[in-house]
Amino acid sequence: MVTFKQGVNFAVAGATALDPSVLEPRGIVNPMTNASLGVQLAWFKQSLPSICDNDSNCRDFIGRSLILVGEIGGNDYNFPLLWGQPIEEVESFVPLVIDTIISTINELIEMGAKTLVVPGNFPVGCSASYLTVCGLENEEYDPKTGCLVRLNQFAEYHNKLLQTKLKQVRDLHPDVNIFYADYYNAAMEIYRFPYKYGFTNGALKACCGGEGRYNVNPTVQCGEVSATVCDEPDTYVSWDGIHLTEAAYRIISKNLFSTPQFNSLCSTSTSGVGLSGSM
């Protein structure tokens with residue numbers, strides 16, 4: 001038997017919530033992986049015989065675990081939006097993304113899950129990549145943060161719909177603890193007050209990337225020979241235009257887990273499982 005005292009993570013870089021069979025007819029091709037959320041859930045199920053030897057023990061194991069479902073869904077939007085697909089077209093399949101996440105949660109509950117954390121999406125309008133690709137003269141920018149208003153509204157649409165659906169699941173399963181992790185507002189605290197948290201190089205410019213206002217060039221990826229890297233990553237919020245720096249994630253974690261609802265999580269769970277995706 002295998003023990004996962006520190007948890008196990010099934011996340012895959014670039015993963016989407018929706019399967020390729022759903023995305024590709026909409027003109028969206030994932031160049032990184034076909035390991036969607038459904039594939040990750042299947043891997044989790046396949047791993048159970050090596051963790052627990054029968055259905056009863058597996059149900060008990062899952063019931064004592066803290067299960068993180070996400071952050072997932074961001075890549076379903078990143079690929080089409082950064083490739084120039086109109087935001088109105090992408091908005092049309094947000095409900096499909098949410099339904100896929102909810103379906104996974106319901107399946108985990110059926111398997112015995114009692115404690116789940118479900119994160120929302122980040123404020124993508126503050127992303128250096130989006131600011132570079134989608135920032136136009138006629139776009140509205142938040143005067144306090146410099147973020148793209150319409151894209152942040154899009155992220156909030158996803159998050160509000162997710163929270164509405166999570167409430168319905170809670171109503172159906174009052175004995176299950178489902179925590180919504182508000183990544184959006186935990187991150188927005190940094191974008192509103194970057195200097196307060198030590199980000200002296202601001203919140204919007206990437207540390208690693210190409211040239212330009214936000215140090216992002218779609219033809220120059222972080223890690224390539226021609227890419228530039230800042231000397232002090234801890235003074236930047238953005239690492240490569242999509243991902244944040246370790247310093248930023250550290251602050252987001254503190255902002256998130258300082259709320260009372262999360263204080264009891266560590267004491268109520270003995271193991272963890274993660275299903276998610278990131279660029």
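Residues numbered from 1 in each chain as written. Predicted model: local features only at pLDDT ≥ 70, side-chain atom pairs only at ≥ 80, totals over all residues. Heavy atoms only, no water.

Visitor: So what exactly am I meant to see when it comes to the overall build of the protein here?
Guide: Helices and strands together make up the secondary structure of the protein, namely 12 helices and 9 strands. In terms of overall dimensions, the protein is globule-like: its C-alpha atoms have a radius of gyration of 19 Å, near the 19 Å expected for 279 residues. The burial tally for the protein puts 49% of its 279 residues in the buried class. Partitioning the intrachain contacts of the protein with sequence separation of at least 6 by distance along the chain shows that 73% fall at a separation of at least 24. As displayed, the protein offers around 13,600 Å² of accessible surface, 52% of which is attributable to carbon and sulfur atoms. Here the protein holds 18 positive side-chain charges and 29 negative ones, and the gap between their average locations is 8 Å. (Helix = DSSP H or I, 4+ residues; strand = E, 2+ residues; numbered from the N terminus. Rg over C-alpha atoms; globule rule 2.2 N^0.38 Å. Buried < 20%, exposed > 50% of the residue type's maximum accessible area, 1.4 Å probe, protein only. Contact = heavy atoms within 4.5 Å. Areas by Shrake-Rupley, 256 points an atom, 1.4 Å probe, with all protein chains shown as cover. Lys, Arg positive; Asp, Glu negative; His and termini not counted. Charge placed at Lys NZ, Arg CZ, Asp CG, Glu CD.)

Visitor: So what exactly am I meant to see when it comes to helix α2 (residues 37-47) here?
Guide: Helical geometry note: an α-helix holds 3.6 residues per turn, so side chains three or four residues apart project in the same direction. Looking at α2, one finds that the buried residues are Leu-37, Gln-40, Leu-41, Phe-44 and Ser-47. Buried residues of α2, viewed axially, fall in a sector of 120°; they line one side. (Arc of directions from axis to C-beta.)

Visitor: Would you explain the environment of Gly-70 in this entry?
Guide: Checked against the element boundaries, Gly-70 lands in the loop between β3 (65-69) and α4 (74-82). Along the backbone, Gly-70 and Val-118 are 48 residues apart, and their C-alpha atoms lie at a distance of 6.0 Å.

Visitor: Would you take a moment to explain the state of the cysteines for this structure?
Guide: Here is the idea: a disulfide is a covalent bond, and it sits between the sulfur atoms of two cysteines. Tallied over the entire structure, the rule returns 4 disulfides. Bridging Cys-52 to Cys-58, the disulfide has an S-S length of 2.0 Å. Its S-S torsion of about 100° marks the bond between Cys-52 and Cys-58 as right-handed, since a negative value means left-handed. A single burial state applies to Cys-52 and to Cys-58, both of which are buried. Here the protein pairs its bonded cysteines, counted in sequence order, in the arrangement 1-2, 3-4, 5-8, 6-7. Sulfur of Cys-134: no disulfide; nearest cysteine sulfur belongs to Cys-126 and is 13 Å away. (Disulfide = S-S within 2.5 Å.)

Visitor: How do you make sense of the pattern of salt bridges when you look at a structure like this?
Guide: A side chain with one charge may pair with a side chain of the opposite charge, provided their charged atoms come close. Tallying each qualifying case throughout the model produces 8 salt bridges. We note a salt bridge from Glu-88 to Arg-150, for which the minimum N-O separation is 3.5 Å. With a gap of 62 residues between them, Glu-88 in helix α5 (residues 87-91) and Arg-150 in helix α8 (residues 149-172) connect regions that are remote in the sequence. On the accessibility criterion, Arg-150 (38% relative accessible area) is partly exposed. (Salt bridge = Lys/Arg side-chain N within 4 Å of Asp/Glu carboxyl O.)

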